[in-house]
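# Tertiary structure, described
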There are 2 protein chains.
Amino acid sequence: MEKDSIYFGVKEIARRANVSIATVDRVIHNRTGVSEKTKKKINEIIKELDYQPNILASRLASKNIIILAVLIPRVSEETDFWEAPLRGVQRAELEIKQYGIQTIPFFFDLSDKETFVQQASLILEKGVHGVMLSPSFIEESRRFTEECQKMKLPYVFIDSNIPEQRSLSYIGPHLFKSGYVGAKLLTYRLKSRNKILVVNISKEIENYNYLQIEEGFRSYFKDNQMDNTIVRIDIKETDYLSVARHMTSVFHDHQDIEAIFVTNSRVFTVASFLQNSKKKNISLIGYDFIKENLQYLNNNVIDFLICHKPEEQAYRAVMALYQKLVIGSSVEKIQYMPIDIITKENHEFYQK
Amino acid sequence: MEKDSIYFGVKEIARRANVSIATVDRVIHNRTGVSEKTKKKINEIIKELDYQPNILASRLASKNIIILAVLIPRVSEETDFWEAPLRGVQRAELEIKQYGIQTIPFFFDLSDKETFVQQASLILEKGVHGVMLSPSFIEESRRFTEECQKMKLPYVFIDSNIPEQRSLSYIGPHLFKSGYVGAKLLTYRLKSRNKILVVNISKEIENYNYLQIEEGFRSYFKDNQMDNTIVRIDIKETDYLSVARHMTSVFHDHQDIEAIFVTNSRVFTVASFLQNSKKKNISLIGYDFIKENLQYLNNNVIDFLICHKPEEQAYRAVMALYQKLVIGSSVEKIQYMPIDIITKENHEFYQK
DNA sequence: CTGAAAGCGCTTACAG
DNA sequence: CTGAAAGCGCTTACAG
């Protein structure tokens, strides 16, 4: 710590450069109104002393409040998945609000693109300093982040990525590898060469996240020279009855399905179907630590859940924006989350 | 944030109490030299205003440096496990050194109790403000923490616990449940009712951590009505040759061992034995994300590693002491770490 | 037992 | 383009 030890602050820099500390401050923050000559001199001294600004003092003195927008899906009756990121945001805010950071949540409806567009434009009107978003709707997200770029707003993606965009960071899973892990777990105790079913339950047909997961899943079989037949269905209604109808039909066509992989958190509907139709000895793996899934994990219908720490994703996203906006330090462009394996036996200790 | 908004600080409290801010400060920090009457009055106003001290300002103004001692095993040639906690300490220190926190590491030798005792008394001489330790030697740790109590030093255990002590917190695994998870993974694809081997490799005979793990391991079999014979060996030399000798003898006595569970990070020596002796189709599970284990995970000799985020444990331990000493807030007495499951497929994303 | 004043390292108007 | 001064919310000697 500075304190007693020899610490060089703005005062010392000012003394050595023969200027006032106000001028030093201007240079440190790249403000206008300093001659090239003194600017150069000061920067040299800063480098020489390896000056580290005292963030405490900086934030204490500054009146400047930084506002971060958070654009995520509203928690629906269908799933409480998005509760976790919201908690992550709140945890981050609690930690850094002393530094003058505030967050404002904006919620959209996952079954209505228009709400995403509306909330996004609200954010732009509001005049925030940074944005964290889940790019659930690809085209709409692309358009929104283009606006952010024009306004020089840094933005961070969580949960899924749009790689071609100039985001400050992506914080979320490596979907391909996540599917790969799913395949490992599913096949780990496979006894036969029977069929395997991949189930995709989503209203968003074009959502390519699930495709990446599936690609990873299939790659595992290829890499390990396993030639199981992989059956695949898309279910575009997310309610139980639709899922049950599709599942019944699949089981009718394919008697010898031994294992099922569901590419998202809706695995509980498939679990429910298996339980209701008294199908036993079918391995089932899916995604996300949500309470709907937990009961089926506990009664052994779901074997494993894969999870990517949604709360932590949001926490880190807020911290990344804080790093960038307050500290001015650089941020890792891609932060892959761990691919966590949750079972009946370890879930009580899981930290989302 | 305070800033523009209506924020009540020491100044406002002082104004309302008709005293100076110095007196308010004395009350806030429970310093002596304030009459009961004014003390009471000030405390009432503090409560009424729900006063939250500004930590930034507090630490900036204070000259008081807080020193935390870290007592952990030295990294040996045998295992780099303790590198991770050290990194966790450094990460925490980097984050809070602006607040005037410093850490000092003290290393002991896992194969020499005396070094633990020496380092522990060095800490007491040094006059630190808090201690984080791995209580690797139970009796010695007990004696040391009793001294800490006398000196009113808060201390936090990581990695393993001594439950009867008055620690500020324990941050580490639930060992029983961890063994339970190990059994789940080991039996998940068990084909037969063949024998299962539990291997204990440690110089510390009386270390009861391994006993807790083993107890959890065995409970899984009981809870699931599995009657596999569980063979158990203790190996008290940790070098490869000793392990190989014991393993050879066990395999001689028990031909039909199908799966092996090693209760700590030395699973790599067993893996090495299996590989060298060309034994295939034996499931192997052990502990900890260390580089010695990683190669055997990658070439499929080790099926799963269980891990408890050693870096995070240390990070949190330092933060817990910081919370207690600087913020004055309370700390959770037991913080169980997640029981992470590491495979060949997900280890690249693991965050220790 | 209590208060006035200086200071922590920085930022922010304001004046020139 | 530059500087003197006030101030952020708290702590710390020092004086009484």
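As the structure is a prediction and not an experimental result, all values here were calculated from the model.

## Looking at the overall build of chain A
The number of helices and strands found in chain A is 13 helices and 12 strands. Dimensions of chain A, computed from C-alpha atoms along their principal axes, come out at roughly 85 × 40 × 35 Å. Here chain A holds 352 residues, and the buried ones make up 57% of them. Within the structure as shown, chain A displays about 16,300 Å² of accessible surface, and the carbon and sulfur contribution to it stands at 50%. Across chain A, 47 positive and 45 negative side-chain charges occur, with their mean positions spaced 5 Å apart.

## Some points on the interface of chain B and chain A
With 44 residues of chain B at the contact, the number on the chain A side is 44 residues. Roughly 4,200 Å² is buried in total at the junction of chain B and chain A, and carbon and sulfur atoms are behind 57% of that figure. Taken as a group, Q98, Y188 and F349 of chain B account for 19% of the area that chain B buries against chain A, more than any other trio of residues on that side. Linking chain B with chain A are 4 salt bridges, by the criterion used here. Measuring nitrogen to oxygen at the nearest pair gives 2.5 Å for the salt bridge that ties E348 of chain B to K177 of chain A. Counting the contacts that link chain B with chain A gives 13 residue pairs in polar contact (both at pLDDT 80 or more). Listed by contribution, the elements that provide at least two residues to the side of chain B that touches chain A are helix 4 (55-61), helix 8 (175-187) and strand 12 (340-342) of chain B. Counted by class, the side of chain B that touches chain A contains 20 nonpolar, 10 polar and 14 charged residues.

## Some words on the domain arrangement of chain A
Domain boundaries in chain A define domain 1 (10-53), domain 2 (66-172 + 310-337) and domain 3 (175-307). Relative placement of domain 1 of chain A and domain 3 of chain A: their C-alpha centres are 60 Å apart.

## A short note on the protein's contact with DNA strand C
In the region of DNA strand C, 30 residues are neighbours, and V10, D25, H29 and Y51 of chain A together with R26 of chain B sit closest. Among the atoms of DNA strand C lying within 4 Å of the protein, the sugar-phosphate backbone contributes 69%. For DNA strand C, a phosphate oxygen lies 2.8 Å from a polar atom in the backbone of V10 of chain A. A per-class count over the surface near DNA strand C returns 13 nonpolar, 11 polar and 6 charged.

## Observations regarding the state of the cysteines
This structure, assessed with the given rule, holds 0 disulfides over all chains. C307 of chain B takes part in no disulfide bond, and the closest cysteine sulfur, belonging to C307 of chain A, lies 18 Å away. By relative accessible area, C307 of chain B is classed as buried at 1%.

## Some points on the pattern of salt bridges
All names here are of chain A. With the rule as written, the count across this model stands at 40 salt bridges over all chains. Here D80 and K291 are joined by a salt bridge, their closest N and O atoms 3.0 Å apart. In this pair, D80 is assigned in the loop between strand 1 (66-73) and helix 5 (83-96) and K291 in helix 12 (residues 291-298), connecting sequence segments 211 residues apart. Taken together, the salt bridges that share partners define one network made up of E83, R87, R91, E311, E312 and R316.

## As for the relation of the copies chain B and chain A
Superposition of chain B onto chain A requires a rotation of 180° combined with a translation of 0.1 Å along the rotation axis, giving an RMSD of 0.1 Å. Here the copies are linked by what is in effect a two-fold axis. Residues of chain B ranked by C-alpha distance from the rotation axis are headed by R189 of chain B, positioned 2.2 Å from it. Both copies present the same face, since 100% of the interface residues in chain B are matched by interface residues at the equivalent positions in chain A.

## Topic: the side chain of D340 of chain B
Within the element layout of this structure, D340 of chain B appears in strand 12. Polar side-chain contacts of D340 of chain B include one of 2.7 Å to the side chain of K309 of chain B. Reaching out from D340 of chain B, the side chain makes a polar contact with the side chain of Y350 of chain B at a distance of 2.7 Å. Excluding anything up to four places from it in sequence, D340 of chain B contacts D340 of chain A together with L305, I306, C307, K309 and Y350 of chain B.

## Here's the deal with the protein's contact with DNA strand D
Around DNA strand D there are 29 residues in total, and R26 of chain A together with V10, D25, H29 and Y51 of chain B lie nearest to it. By atom count, sugar and phosphate contribute 69% of the portion of DNA strand D lying within 4 Å of the protein. At a separation of 2.9 Å, a phosphate oxygen of DNA strand D approaches a polar side-chain atom of T23 of chain A. With respect to DNA strand D, the side chain of R26 of chain A contributes an N or O atom lying 2.3 Å from a base oxygen. Only helix 2 (21-28) and helix 4 (55-61) of chain A together with helix 1 (10-17), helix 2 (21-28) and helix 4 of chain B provide two or more residues apiece to the surface near DNA strand D.

## Overview of the environment of I28 of chain A
Residues and elements named next belong to chain A. You can see I28 is positioned in helix 2. Considering only alpha carbons, one finds I28 and I46, 18 residues apart in sequence, at a separation of 8.6 Å. Contact partners of I28, with chain neighbours within four places excluded, come to V10, I46 and Y51.

## Thoughts on the sheet that holds strand 9 (residues 283-287) of chain A
Residue and element names in this part refer to chain A. Across the sheet, 6 strands lie side by side as 7-6-8-9-10-12; this open sheet has mixed pairing. On the outer flanks of this sheet lie strand 7 (230-235) and strand 12 (340-342), each paired with one strand and no other. Looking at each pair of strands side by side, their axes are set apart by 20° on average, direction ignored. Pairing geometry for strand 10 (residues 304-307) and strand 12, over 3 bridges, is antiparallel.

Cut-offs used in this document
Residues numbered from 1 in each chain as written. Chains lettered and ligands numbered in written order. Predicted model: local features only at pLDDT ≥ 70, side-chain atom pairs only at ≥ 80, totals over all residues. Heavy atoms only, no water. Helix = DSSP H or I, 4+ residues; strand = E, 2+ residues; numbered from the N terminus. Buried < 20%, exposed > 50% of the residue type's maximum accessible area, 1.4 Å probe, protein only. Areas by Shrake-Rupley, 256 points an atom, 1.4 Å probe, with all protein chains shown as cover. Lys, Arg positive; Asp, Glu negative; His and termini not counted. Charge placed at Lys NZ, Arg CZ, Asp CG, Glu CD. Contact = heavy atoms within 4.5 Å. Buried area = accessible area lost by both parts, 1.4 Å probe. Salt bridge = Lys/Arg side-chain N within 4 Å of Asp/Glu carboxyl O. Polar contact = N/O pair within 3.5 Å; in protein donor to acceptor, adjacent residues only side chain to side chain. Nonpolar A, V, L, I, M, F, W, Y, C, P; charged D, E, K, R; others polar. Domains from an automatic or database assignment. Near = heavy atom within 4 Å. Disulfide = S-S within 2.5 Å. Least-squares fit on C-alpha atoms with pLDDT ≥ 70 in both. Pairing = 2+ DSSP bridges. Axes fitted to C-alpha atoms, helices over the stretch in contact; angles between N-to-C directions.

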